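# Tertiary structure, described
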Amino acid sequence: MAIENLHKFLTDYFLANQCELLENDNGKVTIQLTDKMDELIMNRPFYWHYIKQIGQQGQPMKITFITNPDRQNEQGEWVHFGSPRLHQIFRTLSKQGKITRQYEQTGSMHRQPLIPWLVLNIKVSYQGKHKKDELLSYGLQLINGTLVSPMMEKLSKLNLQPVIPDYCYTISPLIHNKSAYQRLIRYVQDYLRTKDYTWAKESWDHLYAEGKLLEHFYKQDQTDEEKQKELQQALSEIESRFRPRISIDIINGGLFYLTQDSSNVARSSN
């Protein structure tokens, strides 16, 4: 798994939640949390309850995450795929809602169209002898079908709010949401067909070897019905652990209405 993938996900996530990046270099990022994000991830319910009761301004914390394995012994929290902190962030995404609608804030005093994009953030899990996750972010323009990846990287640079700005109007999509969603899923499937699946073969080989070893161990008890039940249960457990498989989970997504300029930049920098 590429370090940059996880690191980019973390920075995009906190930027999208209006946090400030105080340091961001070579797999290490220090973040100034907002009140809301501190409440969500820092496990200080009594502090925030007290602050609200006395009507005072809270002091949200700073936090440092490290995604570069070469720096994991430095001061900060080591975050990797499968770490409790990453799963906590996934849970906050669920609490915040999996579907959103956002509009680019233009500040324009003239009528301006906003172009619809369907955006999906996706977690692909590879399970077998070893496990790993991959984060994908796709955006599909609903007028001409342009595909952009990684889309969150583009969106993190824009001022997005859940209300449409003055003097702006939205363009009706030519591609319906269901069709766009199906198209994005096909893109993910096409991407997965390009991957190296040596890991899957290794998982099958390991599964076969473990099964043969168990069968040899229980060979002398072929007439013992109880032992044969134990063998079948053990074989089932081995298959559950080592059988290679891939799962695709939608972390979140939504409709984003962007200006023509931002749409052009997203497309040209893809």
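Here is a short report on the structure shown in this document.

What counts and what doesn't
- Residues numbered from 1 in each chain as written.
- Predicted model: local features only at pLDDT ≥ 70, side-chain atom pairs only at ≥ 80, totals over all residues.
- Heavy atoms only, no water.
- Pairing = 2+ DSSP bridges.
- Helix = DSSP H or I, 4+ residues; strand = E, 2+ residues; numbered from the N terminus.
- Salt bridge = Lys/Arg side-chain N within 4 Å of Asp/Glu carboxyl O.
- Buried < 20%, exposed > 50% of the residue type's maximum accessible area, 1.4 Å probe, protein only.
- Phe/Tyr/Trp six-rings, centres within 6.5 Å; stacked < 30°, edge-to-face > 60°.
- Lys NZ or Arg CZ within 6 Å of the ring centre and 35° of its normal.
- Expected span 1.5 Å × (residues − 1).
- Arc of directions from axis to C-beta.
- Contact = heavy atoms within 4.5 Å.

On the basis of which strands lie adjacent, the open sheet formed by four strands has the order 1-2-3-4 and mixed pairing. Edge positions in the sheet fall to strand 1 (20–25) and strand 4 (77–78), since each has one partner strand and no second. Judged from the five bridges that link them, strand 2 (residues 28–32) and strand 3 (residues 62–66) form a sheet pairing that is antiparallel. Opposite valine 29, over in strand 3, you have phenylalanine 65 as the bridge partner.

The next subject is the pattern of salt bridges. Side-chain pairing between opposite charges can occur once the charged atoms of the two side chains come close. Scanning all chains against the criterion turns up 10 salt bridges. Residue arginine 85 is joined to glutamate 77 by a salt bridge in which the shortest nitrogen-to-oxygen separation is 2.8 Å. On the basis of relative accessible area, arginine 85 is assigned to the buried category, the value being 14%. Residue glutamate 77 is classed as partly exposed on the basis of its relative accessible area, which comes to 25%.

A few words now on the packing of aromatic side chains. Remark: the centre distance and the inter-plane angle together describe each pair of aromatic rings, the angle taken between the planes. Using the criterion set out here, one finds eight aromatic pairs in the structure. Looking at arginine 44, its charged tip hangs above the ring of tyrosine 47, at a distance of 4.2 Å from the centre. The side chain of lysine 132 reaches across the aromatic face of tyrosine 126, ending 5.3 Å from its centre.

For helix 7 (residues 198–218), spanning 21 residues, the distance from its first C-alpha to its last is 30 Å, which sits close to the expected 30 Å at 1.5 Å a residue. Inspection of helix 7 places Trp199, Ala200, Ser203, Leu207, Gly211, Leu214 and Tyr218 among the buried residues, and these make up the whole buried set. The arc that holds every buried residue of helix 7, seen down its axis, measures 110 degrees, which confines them to one face. With respect to the buried face of helix 7, the exposed residues turned more than 90 degrees away are Lys201, Tyr208, Leu213 and His216. In this structure, the buried residues of helix 7 make contact with strand 6 (112–127), helix 8 (225–242) and strand 11 (245–258).

The element strand 2 is largely enclosed, with a buried count of four among its five residues. Sheet topology places strand 1 next to strand 2; five bridges connect them, and they run antiparallel. Across the sheet, residue asparagine 24 finds its bridge partner in strand 2, namely valine 29. From the end of strand 1 to the start of strand 2, which pair antiparallel, there are two residues, and asparagine 26 there has a positive phi angle of about 50 degrees.

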